[in-house]
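# Architecture and fold: a report
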Amino acid sequence: MGKTYERIDGRLRTFIEAQPLFFTATAPLSGDGTVNLSPKGLTGSFAVVDEHTVAYLDFAGSTAETVAHLRENGRITLMWCAFQGPPNIVRVHGRGEPVFRDDPRWAELLGHFPDIDATQHGLRAIIVVTAELVRDSCGYAVPFMSYDEDRDLHGRRFAREDDASLSEYFAKRQIAQSMDGLPGVPLPLPPTTV
């Protein structure tokens, strides 16, 4: 049976921080809008900020659905599965917000990710999530899978970009709006200030 928790601490925090992969789910308010489900990884790109707040780095990608949905309505669910060890699934349901490079909170939030080189990966936002509901469940049907290592392809691809070329890349990918036409990542990107 699943349990509900008041905060992210102790065993839950240890479990979440140990997982090399998590998933995010968001949706627009429109009933016929596109629901988005995304895998997130890369060691060091996720942080528990406090007992009710988590954050992760939003890297360059081909769309901006999560950012657009959060800008419209803030709803987000994050999920972690145990692919090794005892079976477990943890979900954090909450309100999220994209924090962009020109936000006064940027530098402080970036400090929660000391193991990530912020000049790589086309970092475009930090997603901050305030937990409203934290639950776990058994995960009995989740298969065993082994984690070997992070792929280096994303970092190799985007490390060669500067702010100007990254903004050009994003303009071509049309990430300034979602597939449903919602406002996405504001372009051009402000300069990196790290």
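Look up: the structure comes first, before these words.
My aim in this report is to walk through the structure given alongside it, one point at a time. (Residues numbered from 1 in each chain as written. Predicted model: local features only at pLDDT ≥ 70, side-chain atom pairs only at ≥ 80, totals over all residues. Heavy atoms only, no water.)

### Considerations on helix H1 (residues 10–18)
- By the burial criterion, the buried members of H1 are Leu-12, Phe-15 and Ile-16. Buried residues of H1, viewed axially, fall in a sector of 95°; they line one side. Exposed positions of H1 whose direction lies more than 90 degrees from the buried face are Thr-14 and Ala-18.
- Those residues of H1 hidden inside the fold are in contact with strand E1 (3–5), strand E4 (46–50), strand E6 (75–81), strand E7 (89–100) and strand E8 (125–137). (Buried < 20%, exposed > 50% of the residue type's maximum accessible area, 1.4 Å probe, protein only. Helix = DSSP H or I, 4+ residues; strand = E, 2+ residues; numbered from the N terminus. Arc of directions from axis to C-beta. Contact = heavy atoms within 4.5 Å.)

### What to know about the nonpolar core
- Ranked by size, the top nonpolar core spans 32 residues in total, and within it Ile-8, Phe-46, Leu-78 and Trp-80 carry the most contacts.
- Mapped by element, the contributors of at least two residues to this core are H1, E4, strand E5 (53–58), helix H2 (65–72), E6, E7, E8 and helix H5 (163–173).
- For this core, the leading source of residues is E8, giving five residues.
- If near-sequence neighbours (up to four positions away) are discounted, Trp-80 is found in contact with Phe-15, Ile-16, Gln-19, Leu-21, Phe-22, Phe-46, Asn-88, Ile-89, Val-90 and Val-92. (Core = buried A, V, L, I, M, F, W, Y, C linked by side-chain atoms within 4.5 Å.)

### Re the packing of aromatic side chains
- A complete count under the given rule lists six aromatic pairs for this structure.
- Judged by centre distance (5.4 Å) and plane angle (70°), the rings of Phe-46 and Trp-80 are edge-to-face. Taken as a pair, Phe-46 in strand E4 and Trp-80 in strand E6 lie far apart in primary sequence, 34 residues in all. This pair shows no difference in class: Phe-46 is buried, exactly as Trp-80 is.
- A connected cluster of aromatic rings, assembled from ring pairs, spans Phe-22, Phe-46, Tyr-56 and Trp-80.
- Cation over ring: Arg-157 sits above Phe-158, and NZ or CZ is 4.6 Å from the ring centre. (Phe/Tyr/Trp six-rings, centres within 6.5 Å; stacked < 30°, edge-to-face > 60°. Lys NZ or Arg CZ within 6 Å of the ring centre and 35° of its normal.)

### A word on the side chain of Lys-40
- Examined against the element boundaries, Lys-40 turns out to sit in strand E3 (residues 36–40).
- As a buried residue without a salt bridge, Lys-40 has its nearest oppositely charged side chain in Asp-58, at a separation of 4.3 Å.
- Ignoring any residue separated from it by four or fewer positions in sequence, one finds Lys-40 in contact with Pro-20, Leu-21, Phe-22, Thr-24, Tyr-56 and Asp-58. (Lys, Arg positive; Asp, Glu negative; His and termini not counted. Salt bridge = Lys/Arg side-chain N within 4 Å of Asp/Glu carboxyl O.)

### Things to note about the pairing of E6
- By the bridge criterion, three bridges tie strand E2 (residues 22–26) to E6 in an arrangement that is antiparallel. Within the sheet, the bridge partner assigned to Thr-24 lies in E6 and is Leu-78.
- Two elements, E6 and E7, share seven bridges in a ladder whose sense is antiparallel. Residue pairing in the sheet places Ile-76 in a bridge with Gly-94 of E7. (Pairing = 2+ DSSP bridges.)

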